[in-house]
Amino acid sequence: MSGLKLGILRLGRVAGKSKYALLDERDISIVQQHAIEPRVEVDKNGNGARIYAIAHDIGKSRNYGKYLHELLWERHKGGIAPGWRVVHKNHVTVDNRLDNLELVKEDGMDMSSHHQDEGSGGQTKNRENSLYWITVTQLLGDPLEMNYHHLNKWYDFNGDIVDPAGESYIYYECHYPPCTRMERELREFSICGRCQEVRYCGTSCQERDWPSHKRFCRERRRHTRESTPDR
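Residues numbered from 1 in each chain as written. Predicted model: local features only at pLDDT ≥ 70, side-chain atom pairs only at ≥ 80, totals over all residues. Heavy atoms only, no water.

**Let's talk about the pairing of strand β1 (residues 6–14)**
Consideration 1: The buried fraction of β1 is high, at 7 of 9 residues.
Consideration 2: Here β1 folds back onto strand β2 (residues 17–24), and the loop between the two strands holds 2 residues, one of which, Ala15, carries a positive phi near 55 degrees. (Buried < 20%, exposed > 50% of the residue type's maximum accessible area, 1.4 Å probe, protein only. Helix = DSSP H or I, 4+ residues; strand = E, 2+ residues; numbered from the N terminus. Pairing = 2+ DSSP bridges.)

See below:
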């Protein structure tokens, strides 16, 4: 990363953890005109969910929000013609550096095709060597990282906020900050057995996250008679 200049945005908490976005340093000024936040979008065909950075014009309704990657593409490359879309080359949907974006023709592929880089073995190694993984790893210990459940926002596939208590539409991202793996099915990831709050895609990420998570992890209080969640 020597000589490489990046803009790093803290988007807020979503899908169970603090989320960050990458963009080119020249684009960091975008925060002066826009409020940027994360959004979980659930595939209507049951192929899991992805997290995107959404930009809202300051002073306008949230209904005018736009994908950050599309906004940046239009700023540098021009408009997006009907039948075309902007995608992330490395499949990390919050890595919005221009070098990571490309324009492709719509082909009807569903969201499941975006998960092809999130397998095991060599693909996992490539993920851990990615610029996003390396950058966010350097941010571990963020003092703003707090496990306040009420800060989470949950959306259904229509973009409407839903009550997390129901868990009908909730998909979690692995809680280890640089990991971008997200559940493809509800209740897929394992839950921290102590706090019963955060979820992990596997033991490797859980072990790596423990030095940070242990500062906030507390054994679930037993004053309630409610049964332990199955997630």
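**With respect to the nonpolar core**
Consideration 1: Val40 and Leu68 are the most contacted members of the largest nonpolar core, which totals 27 residues.
Consideration 2: Elements supplying a minimum of two residues to this core: β1, β2, β3 (34–42), β4 (49–57), α1 (68–77) and α3 (131–137).
Consideration 3: Every residue in contact with Leu68, bar those within four places of it in the chain, is listed here: Leu9, Ile30, Ile36, Ala53, Ile54, Ala55 and Asn96.
Consideration 4: Membership of the second largest hydrophobic core comes to 11 residues, among which are Tyr176, Cys192, Cys195 and Cys217. (Core = buried A, V, L, I, M, F, W, Y, C linked by side-chain atoms within 4.5 Å. Contact = heavy atoms within 4.5 Å.)

**Regarding the sheet that holds strand β5 (residues 66–67)**
Consideration 1: Overall, antiparallel pairing links the 3 strands, which are arranged β3-β4-β5 in an open sheet. Only two strands of the sheet have a single partner each, and these edge strands are β3 and β5.
Consideration 2: Pairing geometry for β3 and β4, over 9 bridges, is antiparallel. In the strand pairing of β4, Val42 is matched with Ala49.

**Concerning the confidence of the model for the chain**
Consideration 1: Summarising the model, the chain shows a mean pLDDT of 78, and 72% of its residues fall at 70 or more.
Consideration 2: Confidence, read as mean pLDDT per element, is least for helix α2 (residues 122–128) in the chain (66) and greatest for α1 (96).
Consideration 3: Of the regions scoring below 50 in pLDDT, residues 143–154 engages in 34 contacts with residues more than four places distant in sequence or in other chains. (pLDDT = per-residue confidence, 0-100.)

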